[in-house]
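Coordinate analysis (summary)
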2 protein chains.
Amino acid sequence: MAKELTSRSENYSQWYNDLVIKADLAENSAVRGCMVIKPYGYAIWEKIQAELDRMFKETGHVNAYFPLFIPKSFLSKEAEHVDGFAKECAVVTHHRLMADPNGNGLIVDPEAKLEEELIIRPTSETIIWNTYKNWIQSYRDLPLLINQWANVVRWEMRTRLFLRTTEFLWQEGHTAHATEAEAVEETRKILDIYADFAERFMAMPVLKGVKSVNERFAGAVETYCIEALMQDGKALQAGTSHFLGQNFAKAFDVTFVDKSNKLDYVWATSWGVSTRLMGALIMTHSDDNGLVLPPNLAPFQVVIVPIYKNDEQLAAISNKVAEITPKLKALGITVKYDSNDNKKPGWKFAEYELKGVPVRLAMGARDLENGTVEVARRDTLTKETVSLKGIEHYIDQLLKDIQTNIYQKAFDYRASVTREVNSYDEFKVEIEKGGFLLCHWDGSSETEERVKEETKATIRCIPLHGDTTPGKCMVTGKPSAQRVVFARAY
Amino acid sequence: MAKELTSRSENYSQWYNDLVIKADLAENSAVRGCMVIKPYGYAIWEKIQAELDRMFKETGHVNAYFPLFIPKSFLSKEAEHVDGFAKECAVVTHHRLMADPNGNGLIVDPEAKLEEELIIRPTSETIIWNTYKNWIQSYRDLPLLINQWANVVRWEMRTRLFLRTTEFLWQEGHTAHATEAEAVEETRKILDIYADFAERFMAMPVLKGVKSVNERFAGAVETYCIEALMQDGKALQAGTSHFLGQNFAKAFDVTFVDKSNKLDYVWATSWGVSTRLMGALIMTHSDDNGLVLPPNLAPFQVVIVPIYKNDEQLAAISNKVAEITPKLKALGITVKYDSNDNKKPGWKFAEYELKGVPVRLAMGARDLENGTVEVARRDTLTKETVSLKGIEHYIDQLLKDIQTNIYQKAFDYRASVTREVNSYDEFKVEIEKGGFLLCHWDGSSETEERVKEETKATIRCIPLHGDTTPGKCMVTGKPSAQRVVFARAY
């Protein structure tokens, strides 16, 4: 195989980049920081989208679409929001090009300057709340439970495929409620959907928690998050759900008449996950041979490779495959039969390992005689010879087993590198080893800042289901309400 | 009902705008020319997307995603392409805002000027062919059959909801082939998919044809199109499929080694339909009471409205509805039960008429006694009382009948306003009445330009399945190979 990967132990970061490119998931484009998502990578993203979209709709949400452009003045309306986004945004200033009078191709037509510059949305709270103002008058207009699938742009200085790109794809939910309690409930409900999706589909265990003030979304009252742990011991924020209080309603003057006929500001939430999940998926399960995909998100779950010496053998194998395939499909299993004559079986084996196909079936002349097939699991790289009788049920169960197994493996890994740390000296040693460190913290931004500066670790979250025994801050010795989760993060 | 529409006869254009807004399909946003697609409108677009996506995938296409931004220099590489798009594009010149030192909010940070300006994609041929250059070396890499669902921006001066907006949503297919014949076949295959979708799902008859040079896509060798006719007698281009020859391969130097080991440029196609289809859908079927949706694209096909005097009656009706609904759903029929207590039945009837729900069931106390329900068709506005026994099969057939009926109605209308015109004097009279005029034309751009200037009519297409009897140009008397289709168009 020409597509050799750097090993994880050699250079984890290089392994990741190699893998994304060699497994045909994505590549850098001609535009700085923007990626091309290739068909195989996009097929995984489509599965992520379809599943989340179904979960949102089952909980009463609907989709809509709001403009790509945000008038510059909108950004300023929410004071914290503007601080968070104005420094890294793409600004449209003109609406026309013209031929350079000096003959050097195209130049911006100075006559076509916009009266007010437009920002490419880094997130859509401002344009959406400016719209909601016209949609909401009474409590009868609430709740609004709206999501959009969209591209957004944040002018990041350092970019990495999927993990941090100038343009990325995401969904952003924006809901409006009559009461604080209902908005908080929505924020938590979405957090549960995100965690459920991460665990059941991505096979990726996540911690649910609340962000510290420093890590909160610009404009939120409270940011809930799911935090995952990558194989190199670094954390990755996989999704956030924000309780926005009445901040955006106040900024855009969105009021409603409540049941008791009083005027009040509307309560808001927003929440999103992005193509960053692709990075999390890759780094949670993959190995030095390539991707390991959870069956629930694999573009195809089973690949069948024929092993033959002549056309006659190929024809006989293809006939047998044509018998099996409909049985697999009837169980909802997706199958690819690769009878391409240009590549040898060994090349195909390596290729589908690289691409993380959960199950590979290899069928040769002797298998036909014996009524068997060779079944290889991508997660364990083990092989066994199995009878073709009832093979569809065997595969169906195997896919479930793989899904469970890779979740458990990731769960066990996380457990093995999650530990309590009680002194800052110990912390400085332990943080070098990676993983989640459960520590007491005095709740101040200053202490968090100091830890970040001195160790590059941040508070990933204040866990919702953690140990709530009080203690003393590992740095300052001041009282701490509960242990929080520190880690270095992507 | 508060939501009165302007009638079509009074002011067709105003009727359209009223309808889009009052049926909650879309509205203008705070950004000039950009629309907000509201949940009900977006739900129709999602159905359009899902169906087309399925059709593309069934014919071997896959989805991918390419950057929103196009480097300015890319636009210039294909000479005709740049002429078509440079004059109406959004230009990103900076990547940061800063606080105005004079205290007036935010200004563009002059330090954050881009070295090369970026264009928001008006269409993606250039960035995609720049990418394909690295993907294609040999005939074994071909064909590439890739589609993307994306937003694009064209800085239109006059915009109308769905029909012409600065930002719009679309799909754009970009395929690469080893031979001219294969690329032409792809272009035609997609045209057939578009026509099939328009007719079977939108219930909208379309003419398939080829564009004249004047109306051809900037950079194409040949543009195929489907042309629809709106109720006001104006034409609407509903989809285009372009054979690009080797133009973009040459512009971006994309070559491949063919089977005989010779180097050649790659052959290309591109094709797209957009949210403009929503405008076509609305204007093909709707009436003075509101939308008329084809059952195959309606967000919900059946609405059930209870008619009751007290809670007891409502409970009994709700019980009966709970019996019927699963039977309808089992046949794949989508149903909404509106037992909202805040609105009277008459208000609901008008509301669902406005929203074009194909079938309305009204159920009252007497219906319960008699084992009946009142069934109203949106397309004919007729009502009848039907037995509840086997109602699901009755509705299933009714939805099919409605789908067929509205197609036939649109087909008959088109036929009634399509006629042959043989002299330019007659043409000038007839064009005022609208419809498709089948005329002989000498094939020159000059003649087409003259007709456009003098009558505002354009050649919509040279039909693929039209009468091919030669004749003489209605304007110049020069030889004409066949009649072409003239109309005024959106």
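Residues numbered from 1 in each chain as written. Chains lettered and ligands numbered in written order. Predicted model: local features only at pLDDT ≥ 70, side-chain atom pairs only at ≥ 80, totals over all residues.

A tally of helices and strands in chain A yields 14 helices and 27 strands. Its C-alpha atoms give chain A a radius of gyration of 26 Å, near enough to 23 Å, the size a compact globule of 490 residues would have. Taken along its principal axes, the extent of the C-alpha atoms in chain A is 80 × 70 × 55 Å. Scored against the burial criterion, the 490 residues of chain A give a buried share of 48%. Taking contacts inside chain A between residues at least 6 apart in sequence as the whole, the part at least 24 apart equals 68%. (Helix = DSSP H or I, 4+ residues; strand = E, 2+ residues; numbered from the N terminus. Rg over C-alpha atoms; globule rule 2.2 N^0.38 Å. Buried ≥ 20, exposed ≤ 12 C-beta atoms within 10 Å, placed from the backbone. Contact = placed C-beta atoms within 7 Å.)

Time to look at the pairing of strand β23 (residues 436–440) of chain A. All names here are of chain A. Of all 5 residues making up β23, 4 are buried, and the element is well covered by its neighbours. Of the pairings in the sheet, the one linking strand β22 (residues 418–420) to β23 comprises 3 bridges and is parallel in character. Across the sheet, the residue bridging to R419 is L437, located in β23. For the handedness criterion, the β-α-β arrangement of β22, helix α13 (residues 424–430) and β23 is classed as right-handed. Here β23 pairs with strand β27 (residues 483–487) via 4 bridges, running antiparallel. (Pairing = 2+ DSSP bridges. Right-handed = clockwise from strand over helix to strand, strands pointing away.)

All right, on to the relation of the copies chain B and chain A then. Under the fitted operation, chain B is carried onto chain A by 0.0 Å of movement along the axis and a turn of 180°, and the coordinates agree to an RMSD of 0.0 Å. Such a combination of turn and shift is consistent with a two-fold rotation axis. Of the C-alpha atoms belonging to chain B, the one lying closest to the rotation axis is found on V92 of chain B, 2.1 Å away. (Least-squares fit on C-alpha atoms with pLDDT ≥ 70 in both.)

In terms of nonpolar packing, the biggest core is built from 288 residues, with A198, I226 and A228 of chain A together with A198, I226 and A228 of chain B touching the most fellow members. In contact with A198 of chain A, not counting residues within four places along its chain, are M204, V206, I226, A228 and A238 of chain A. (Core = buried A, V, L, I, M, F, W, Y, C linked by C-beta atoms within 7 Å.)

Here we come to helix α9 (residues 311–330) of chain A. Residues and elements named next belong to chain A. With 20 residues, α9 should cover 28 Å at 1.5 Å per step; its first-to-last C-alpha distance of 29 Å lies within 8% of that length. Among all positions of α9, only I317, I324 and L328 are buried. Those residues of α9 that are buried lie in contact with β17 (302–306), β18 (335–337), β19 (359–363), α11 (365–370) and α12 (391–416). One or two residues past the end of α9 sits G332, with phi positive at roughly 80°. (Expected span 1.5 Å × (residues − 1).)

Here 11 strands make up an open sheet; going across it, the order is β3-β9-β10-β16-β13-β12-β11-β24-β27-β23-β22 (chain A) and the pairing mixed. The open sheet has two free edges, formed respectively by β3 (62–63) and β22 of chain A, since each of these has just one partner strand.

Each assigned domain of chain A is listed here: domain 1 (12–285), domain 2 (302–401) and domain 3 (418–487). One C-alpha centre belongs to domain 2 of chain A, the other to domain 3 of chain A; they are set 49 Å apart. (Domains from an automatic or database assignment.)

At the interface, 53 residues of chain B touch 53 residues of chain A. Residues belonging to the side of chain B that touches chain A are distributed by class as follows: 32 nonpolar, 12 polar and 9 charged. Where strand β5 (residues 91–94) of chain A and strand β5 (residues 91–94) of chain B come together, 3 bridges link them in antiparallel fashion. Pairing of H94 of chain A across the sheet is with V91 of chain B, part of β5 of chain B. (Nonpolar A, V, L, I, M, F, W, Y, C, P; charged D, E, K, R; others polar.)

Before going further, it helps to spend a moment on the sheet that holds strand β20 (residues 372–377) of chain B. Residue and element names in this part refer to chain B. Here we have 5 strands laid out as an open sheet, ordered β18-β17-β19-β20-β21, and mixed in their pairing. Of all strands in the sheet, those bounded by a partner on one side alone are β18 (335–337) and β21 (383–387). Strand-to-strand twist of the sheet, defined as the mean angle between neighbouring strand axes without regard to direction, takes the value 25°. Helix-sheet contacts for helix α10 (residues 345–354) involve β17 (302–307) and β19 (359–364), and the interaxial angle to β17 is about 170°. (Axes fitted to C-alpha atoms, helices over the stretch in contact; angles between N-to-C directions.)

Moving on to the confidence of the model for chain A. Of the residues in chain A, 99% reach a pLDDT of 70 or more, and the chain-wide mean stands at 96. Taken together, the chains of this predicted complex give a pTM of 0.97 and an interface ipTM of 0.97. (pLDDT = per-residue confidence, 0-100.)

Here we take up helix α8 (residues 276–285) of chain B. Along α8 of chain B, 10 of the 10 residues are buried, which leaves the element largely enclosed by surrounding structure. Along α8 of chain B, the residues classified as buried are R276, L277, M278, G279, A280, L281, I282, M283, T284 and H285 of chain B.

Moving on to the pairing of strand β16 (residues 267–274) of chain B. Moving residue by residue along a regular strand, the side chains alternate between the two faces of the sheet. Residues and elements named next belong to chain B. Counting buried positions along β16 gives 8 out of 8 residues, so the element sits mostly inside the fold. What you see with β16 is no split at all: W267, T269, W271 and V273 on one side and A268, S270, G272 and S274 on the other are buried throughout. Summarising the sheet, strand β13 (residues 235–245) and β16 pair through 5 bridges and their orientation is antiparallel. The residue bridging F243 from the neighbouring strand is T269, located in β16.

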